[in-house]
Amino acid sequence: MKTQLRKYRVLACIVLAFTHVDCLCQDSTTVSVHGTIGTTIDVYGLANEGRFVTSPRRPATVLRVFANPTVSFGSWLEVPIQVNITSREASIVQPIVESPDLLSILANPMNRFSIAPRFGPVQVFLGSSTPRYSSLVLDNAQVFGVSVEAKPNTLRLSATYGLLNRAVSANEHGSRPGSFARTIMGFRIGSEPTEQSRFGFTIARLRDDPASIPLITEQISIPVPIVDSSGVWVRDSALSITTTSSLIPRAQTGVSVGFDLRLPITNEVYVTADLGGTGFTRDLNAPTLTDNIPIISSLISTNTSTRVDAAGKFGVGYVSRVWSIEGGMEYAGPGYVCLTQPFFVPDRLDITATAKASLFDGSLTGSTTIGWREYGISGMLESASNQLLANISAMAILSTALSINLNYMNFGYRTTRTSDSLRYEQVSQSIQVAPTYTVASTSLNHQLALTAGYDVFDDVTNQAERSQRNSTMSVMLMYTIIPVSGPWSARASGSYMNNTLAIGGISMRSVMIGGTYRLFNGVVVPDVSVLLSSNDISGASSESQLTLRAGIAVRASREFNAFLRYQSTRLSSDDDSRAYSEDLASAGVTYSF
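Computed from a predicted structure; not experimentally measured.

Quick look at the overall build of the protein now. Across its full length, the protein holds three helices and 33 strands. C-alpha atoms of the protein, sized along the principal axes, occupy 105 × 75 × 65 Å. Intrachain contacts of the protein at a sequence separation of at least 6 include 53% that bridge at least 24 residues. For the protein, the computed accessible surface area is about 33,300 Å², with 61% contributed by carbon and sulfur atoms. In the protein, which carries 45 positive and 46 negative side-chain charges, the distance between the mean positions of the two groups comes to 5 Å.

Ranked by internal contacts, the top residues of the largest apolar core, which has 18 residues, are Leu-138, Leu-164, Ile-184, Tyr-336, Leu-339 and Phe-344. Apart from residues lying up to four places away in sequence, Leu-138 is in contact with Pro-131, Arg-132, Tyr-133, Thr-160, Ile-184, Gly-186, Ala-204 and Thr-340. Within the second largest apolar cluster, 16 residues are counted, among which are Val-31, Ala-67, Leu-77 and Ala-107.

Further remarks concern unusual backbone geometry. The residue Asp-347 is not glycine, and still its phi comes out positive at about 55 degrees. Mapped onto the elements of the fold, Asp-347 is located in the loop between β20 (323-332) and β21 (348-359). Residue Asp-347 is classed as buried on the basis of its relative accessible area of 5%. The backbone phi angle of Asp-361 is positive, close to 55 degrees, even though this residue is not glycine. If you trace the backbone, Asp-361 turns up in the loop between β21 and β22 (364-375).

Turning our attention to the side chain of Ser-128. Mapping Ser-128 onto the fold places it in strand β8 (residues 122-129). Accessibility expressed as a relative area gives 1% for Ser-128, which makes it buried.

Note on placement: Ile-96 falls in the loop between β5 (77-86) and α2 (102-107). Separated by 62 residues in the primary sequence, Ile-96 and Ser-158 have C-alpha atoms spaced 31 Å apart.

The tally for this structure, following the rule as stated, stands at 19 salt bridges. The salt bridge partner of Arg-491 is Asp-527, with a shortest N-O separation of 2.9 Å. With Arg-491 in strand β28 (residues 488-501) and Asp-527 in strand β30 (residues 524-537), this residue pair connects regions lying 36 residues apart in the sequence. Within this structure, Glu-330, Arg-348, Asp-350 and Arg-373 form a network of salt bridges that share partners.

A word on the confidence of the model for the protein. Overall, the predicted model of the protein reaches an average pLDDT of 89, with 93% of residues at or above 70. In this model, residues 1-5 is a region of pLDDT below 50 whose contacts with residues beyond four sequence positions or in other chains number three contacts. Between residues 10-28, whose pLDDT stays under 50, and residues either more than four places distant or in other chains, the model counts 20 contacts.

Before going further, it helps to examine the packing of aromatic side chains. Geometry of an aromatic ring pair is reported as the spacing of the ring centres plus the angle between the planes. Throughout the structure, instances matching the rule amount to five aromatic pairs. Judged by centre distance (6.3 Å) and plane angle (45 degrees), the rings of Phe-73 and Trp-76 are tilted. Looking at Phe-73, the relative accessible area reads 29%, which means it is partly exposed. Pairing Tyr-591 with Phe-593 gives two aromatic rings, centres 5.9 Å apart and planes at 25 degrees, and the pair type is stacked. Aromatic rings pair up to connect Phe-73, Trp-76 and Phe-119 into one cluster. The aromatic ring of Phe-344 is capped on one face by Arg-348, whose charged end is 5.0 Å from the ring centroid. Above the ring of Phe-563, the side-chain terminus of Arg-565 is found at 4.1 Å from the ring centroid.

Side chains on a regular strand alternate between the two faces of the sheet. Bridging between strand β24 (residues 402-415) and strand β25 (residues 425-440) involves 13 bridges; their strand directions are antiparallel. Looking at β25, one finds that Asn-405 is bridged to Ala-434. Pairing of β25 with strand β26 (residues 444-460) involves 14 bridges; the strand directions are antiparallel. If you follow Gln-429 over to β26, its bridge partner there is Val-456.

Conventions used here
- Residues numbered from 1 in each chain as written.
- Predicted model: local features only at pLDDT ≥ 70, side-chain atom pairs only at ≥ 80, totals over all residues.
- Heavy atoms only, no water.
- Helix = DSSP H or I, 4+ residues; strand = E, 2+ residues; numbered from the N terminus.
- Contact = heavy atoms within 4.5 Å.
- Areas by Shrake-Rupley, 256 points an atom, 1.4 Å probe, with all protein chains shown as cover.
- Lys, Arg positive; Asp, Glu negative; His and termini not counted.
- Charge placed at Lys NZ, Arg CZ, Asp CG, Glu CD.
- Core = buried A, V, L, I, M, F, W, Y, C linked by side-chain atoms within 4.5 Å.
- Buried < 20%, exposed > 50% of the residue type's maximum accessible area, 1.4 Å probe, protein only.
- Salt bridge = Lys/Arg side-chain N within 4 Å of Asp/Glu carboxyl O.
- pLDDT = per-residue confidence, 0-100.
- Phe/Tyr/Trp six-rings, centres within 6.5 Å; stacked < 30°, edge-to-face > 60°.
- Lys NZ or Arg CZ within 6 Å of the ring centre and 35° of its normal.
- Pairing = 2+ DSSP bridges.

In structure tokens form, the structure reads like this:
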């Protein structure tokens, strides 16, 4: 409870701070402030009424505060400020912090707090930033610290230093592993002679801090035989060894360098390249090396867990007004580590090709992509694999009333082993057709949209037998009616989905009807909809679900907006084995200044 109150006090202080700044700046002739500020809250509850328990899908309450003001001091200094804070503690890569302090709240990847003063060609980011230096070195990761970008003429200089991962103490009683504080430092120098050309050099270093969380040790007892002078066993004795708990991770460090460019050959043809090299130590406590690694040893700690490898991307493309085509290849060595991408896949070769076209003044557009991945190319793995991806999409505008979208996707995965338990193969195919028909009259506009799809998934676990086929057919029809000059609109939809498995099947049907009405010239806009659905599962009782959604949006002035939404769901099965009531209420206000 104290942790929740601490979070809410932080959020309230941020709101009051921005309100105070706004009031002060209104009396200044040299300072101007514009932007938005607001807050939202979600309240959720689920009550089980059947014999089987359904787990809640959301936290009980979530409070969010957002603010995006920009403070301008004349024409010489501009200070954009960005705040997105949520009371919810969530993480994907790291464990959750159970009792976060102020730094943990601000550095939470779910949140964003940034003050970014801009003076001429130089901008400084204090707090959260997302540097994008090189896709193979430092790219698309939120860092909490300090970043600088300078763009004098065609020169591009960037630097960043901060916290990539927060320190999370291990929970010995709850068996939750810990995580070290991980910092990253990066620098990039490059140039953009034109809008279509660029090149740059990037270097980055990552390091874990082993002292950032308390160390947990555990005792291991090893039996040691005791023998007499003749070598005859007498008894066993226990040797107690103190070792680091498995809940404590291995501290790591790494350094990476990269070079990237985009070079136009002609007005239509261009080439791209992105090269990276890395030295990464997976365990700082591993035995040291007798010989140093050239260059790498002078930048990071090296030992028997240190690996040095390279990766590269190459591409060539042609772009015109009517069509374009691009081909590329990416290689990543088995020991390559991208410092800011924890799910980066090494030891692979990717080949892709993409083509796009726009014909008949845009009445017919389409694109297609083919990709091939070979995984385990080094031969170091016991079983390698390959993947194939193919996608085709097209849109045709047949008339002012009728248009149609078509999409097809194929994904295949296969291991290279063909005669043992490591054999595996899967193929997934999906096709979707979506026509839209619009009828406009002097008083009403009608739109009818149909979406029909078919998906099939096959997997093979041995040479002779198809172990499973999973196919799904779905159809959805939506009708919308909007008056040309009226305060209301209405919508209705129906859907059907049938999923067939080797062990049974699932059928789902739903019908929805809803509408909106604009009161007081659009100042107040209520919206209501009702959804009725039913599910039939082979071998289980049928279920029915009724969902009511109601909301109201208020635009009291050009500066002030508010909303309130409520959703109530009631689910029950024929035999009352599963039944629950689920409620979600959301409210929010936004103020623009």
